Structure formats: structure tokens, C-alpha cells
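# Secondary and tertiary structure notes
Listed below, chain by chain, are the residues.
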Amino acid sequence: MSVVIRDAEIVTASDIYRADVRVQDERIAAIGEDIRAESGDEIVDGSDRLLIPGGIDPHVHMALPFMGTVSIDDMESGTKAAIMGGTTGLIDFVIPSKGDSLLETLDAWKAKSDGASHDYTFHMAVVDWDERIASEIPRVVHDHGITSFKIFMAYKGTLGVDDEQIFHILEATRDAGAMVNAHAVNGDVQFLLANRFAEEGKTGPPFHALAQPPRAEGEATGRMIDLAAIAGQEVYIVHVTCDDAIERIAAARARGERVWGETCPQYLLLDDSVYDLPGFEGGKYVLSPPLRKKEDQEALWNALRTDQISVVGTDHCAFSFKGQKEMGRDDFRLIPNGLLGIEERMALMYTHGVREGRIDASRWVELCCTNPAKIFGLYPRKGTIAVGGDADLVLWDPAATNTISAKTHHSKCDYNVFEGFETVGAPTRVWVRGELAAEDGKFVGTPGRGRQLKRAPRGVRREPVTA
Ligand code: URP
Ligand code: ZN
Ligand code: ZN
């Protein structure tokens, strides 16, 4: 497997320049002008194309048992959809139920990940606190190379943890050489409001959103940042949706704290008016936190531009309408929360970010590829184009046009929240560790080829290794 990609415009988080790239034995072997091809090299014409690192989606839920069902995409369909959209790495969440062992849950997650077509790693959720969990955290980090842990402040009664538990988790993960991710919405407020609405007979999708006002997200974001600062721990706030949360992250970053924010395409491009769609259509858009107002979209774009928010992930957690979203037709509390996005992210961000002048192409790569790799300890092996790095590469046609549709997407979900969105820019070839995995809209990858990346404890500068 050796390839020379000639004359593409290479886009990294720091540079845009025209050069040749040679790939050999799964890695980038050389970058330069007029590179000499060796016998057996395939030559690919990259002129009129961008060459970018494969996207890294740091927030997905594949085959997640959640709210009485299981998210519809597993590692096989999810990584296929990812590759078709120009993404070649992901981080899935291992989520135990209360009372479960972290290590046993991790074994189950590993077993169901063997259909992946590209590399991946895991975040470990902690949904409870006891001595066993305390003893398992260092083993998760040191034996399994998982250096990020997830805290849910929402989902009271199921996944949610209280402040005392949060503080234990912050200290234990800090001591083990790991960081923390947080779903920051005030779980008590959400629980109380959602139940009150339901008791009053307000059971439709709009009340899902009204039970989680932006201020409840801002409050929890600020509290999480403060608790992390007291514990001396780093924190990454997932799926930020609104100005109330951005303000807290921006203030912490201005103080020099190790705090990062992530948002997702749905919060940049969809708004809460969809919850009022006729019938049960609004149920398709139920996720947590909910979609917000148009003003919040502008605040999010500004935050991406100014580095108050550092990452665009997807929170890909797809549930079909038929048989899954429908479970909550009579009660919004029973609608499985989550949407798709792993296939759509790169093109939506290119179209609405780069083409519409909100961010430049380097920032697009930084937000979708490089920062996720840097923050979560995969860089420089992943997330950039550099000699010695894995040849996870995307040849991107900046002029290709597409219309997003469930008829053509690769997710198993039976609808697409971005249905009808016109995009400009698409991958024409995608390589996964040097092997061609997509070509001109056709998947040619290898399910099962993806490997779990083990990450080094934080603070230690070392390349990730594969399990
Ligand atoms: O609604 C969502 N976001 N579902 C997935 C689980 C989570 O909270 O991230
Ligand atoms: Zn969440
Ligand atoms: Zn999530």
C-alpha cells in the first residue's frame, strides 16, 4: 500500500500549501515538491482538491443502550457513515448503568466495537460513586489507555451524579492522569420541570425543550468549571448550545484554566421552531440539551471563531423514528434523546463555516480534526498531516454539491434531521491508515480494520498505541 498524492492543496490547522504526499505502510512517509514515486506507488492527481486529515469525531454513541432502546448505528454502520463523510476517527462513550463495574462494561463495549472500519478510542462514563469505581479508575487509564471520563449532570435518577460524587470523580481522575468531560445541564431543574409539565398534560416535544432552559445549562456549566478548578482538574464541556454556557467557558479560558467547549452542527444550523412541527414530527429533533434559538446559533459561530469553543463534534446518537422516537409519542419524557450527524459534520461545517465566510479552511480542520486529537491525546499521530503520522487522509472536492437525504445517507436511521440541506464540498477519496476506504461516493473500506487507540496518561508526552 503505497500512494503518491500529487499537487493537492494541503490544509492543516496551521498551514495551507500545495505539495505532494507519499504514503507507505499506513503512515505518511514524505511531504514535498515533486516527490519521486517509487515502483509500485499508485499516483493520485490531487489538483483542484484539498487534502485534509481525516475528521475526528470526539463525541458519538454507537449501539448505546439508552432510554429503553439502543441507538441504531453500531460501530460498523457508524464508522462507514463516518468515512463516507470524511471522518476517520471517533471517540465512543462507554456508559455503565448504576451499580455496574467500569471494567466489565468496558469489556462489553470492546466486544461490540469489532466491526469498526477506522480507528477509535473510548471515554468512560462514571454514573455513580463507590469504592469499586474508585479502584477501577486508575486501571481504566493505565491498563486500557482511556484518559477521559464522562460526567452527566443531567439525567437525574439514571446517569446523573450529584456534586459530591462529581468532586470525587474529579479528584480520582486527576490523580489517575485523566481528564473529565461533562454534560452540563442542571438535572434537578430538568427533572422537576419535565415532571411538572407531564402532570399538567403538557406532553409534546416543545416541553422537552422548555424543561431545559439555557440558564440551566449555563448554571451547570459554570458549576462544573468551578468544581473542576477547586479540584485542580481539566474539563471539557460537551455539546454547548447557548450563550449562557459560552460565557462561563470564555471566562474560565480567559482566567487561563484548562477548560474546553464543544458544539455540534445541529446547534449551529437547527433551531427550536422544529419542536412545534405538526403531529409528532418535533419528536425527531429531541435531544439533550435541546435545540435553541437562532440568536444562540450566532453566539456559537462567534465562539468558534474566537476559540471560546474549540471543537465541533456530533453527539451522533441516532434513533429511528419508527419504533424508537415514536416511543414518546404520548410523553416527551419517553422519546429517546439523540440525533445523527457523523456523516454530515465535515460537509455542513465546510458549507456553512468556510463557504459562508464564518471560519477559514484551517479553522475548519482545527475544529473538526486537530483539536479533538490534541485535547484527547491522539495528536500528532492523528488529526494532522505530518511525516510519521497515520495516513488517515481525505481528498476533498471543494466544489462538489450534494443534498443531504435519508435516501442516500449511510446511517441506519430512517430519517435525517438535515434532510434537504444543500452542501458544497465532499470527500472524493478517503484513506484509513493508507488503505482506500471511500472513492467517488462508494464505500470500499474494511469493517473490522479499525483498532482501539490506547492513550498515554495526561501530562506524559507519548504517542497513542493500538490495543
Ligand atoms: O440527546 C442526546 N444528546 N443523547 C445522547 C446522550 C447525551 O446526552 O449525549
Ligand atoms: Zn450529553
Ligand atoms: Zn452524547
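Scope of this entry: the structure provided in the associated data block. Predicted model only: the values in this text are computed from it and were never measured.

Glancing now at the packing of aromatic side chains. Per the stated rule, a full pass over the model turns up 10 aromatic pairs. Ring geometry for Phe-418 against Phe-421: centres 5.5 Å apart, planes inclined by 85 degrees, an arrangement best described as edge-to-face. Phe-418 sits in the buried class, given a relative accessible area of 1%. Each member of the aromatic cluster is reached from another via a ring pair, and the members are Phe-66, Phe-152 and Tyr-155. Lying across the ring of Trp-109, Lys-112 places its NZ or CZ 3.6 Å from the centre. Between Lys-284 and the ring centre of Phe-321, over which it is positioned, the NZ or CZ distance is 5.2 Å.

Let us now look at the state of the cysteines. In this structure the tally under the stated criterion is 0 disulfides. In this structure Cys-368 is a free cysteine whose sulfur lies 5.9 Å from that of Cys-369, the closest cysteine sulfur available. Using a relative accessible area of 1% as the deciding quantity, one classes Cys-368 as buried.

Looking now at the pattern of salt bridges. This model, assessed by the stated rule, comprises 36 salt bridges. In this structure, Asp-331 engages Arg-333 in a salt bridge whose closest nitrogen and oxygen atoms are separated by 2.9 Å. Overlapping salt bridges, with partners in common, bring together Glu-26, Arg-27, Asp-119, Arg-381, Lys-382, Asp-390, Asp-392, Arg-433, Glu-435, Arg-449 and Arg-451 in one network.

With that out of the way, let us pick up the coordination of the zinc ion (ligand 2). Looking at the zinc ion (ligand 2), the protein donor atoms are His-183 (ND1) and His-239 (NE2), and they sit 2.1 Å from it. Classification of the site at the zinc ion (ligand 2) rests on its 4 donor atoms, whose angles at the metal span 57 to 150 degrees, yielding the label irregular. A distance of 3.7 Å spans the gap from the zinc ion (ligand 2) to the zinc ion (ligand 3). Residue His-183 is found in strand 12 (residues 179-183), and its partner His-239 is found in the loop between strand 13 (235-237) and helix 8 (243-254); the two are separated by 56 residues along the sequence. Here His-183 and His-239 have matching classes, each one buried.

Criteria and cut-off values
Residues numbered from 1 in each chain as written. Chains lettered and ligands numbered in written order. Predicted model: local features only at pLDDT ≥ 70, side-chain atom pairs only at ≥ 80, totals over all residues. Heavy atoms only, no water. Phe/Tyr/Trp six-rings, centres within 6.5 Å; stacked < 30°, edge-to-face > 60°. Buried < 20%, exposed > 50% of the residue type's maximum accessible area, 1.4 Å probe, protein only. Lys NZ or Arg CZ within 6 Å of the ring centre and 35° of its normal. Disulfide = S-S within 2.5 Å. Salt bridge = Lys/Arg side-chain N within 4 Å of Asp/Glu carboxyl O. Donors = N, O, S within 2.8 Å, 3.2 Å for Na, K, Ca; no water. Tetrahedral: all angles 85-135°; square planar, octahedral: opposite > 155°, others 65-115°. Helix = DSSP H or I, 4+ residues; strand = E, 2+ residues; numbered from the N terminus.

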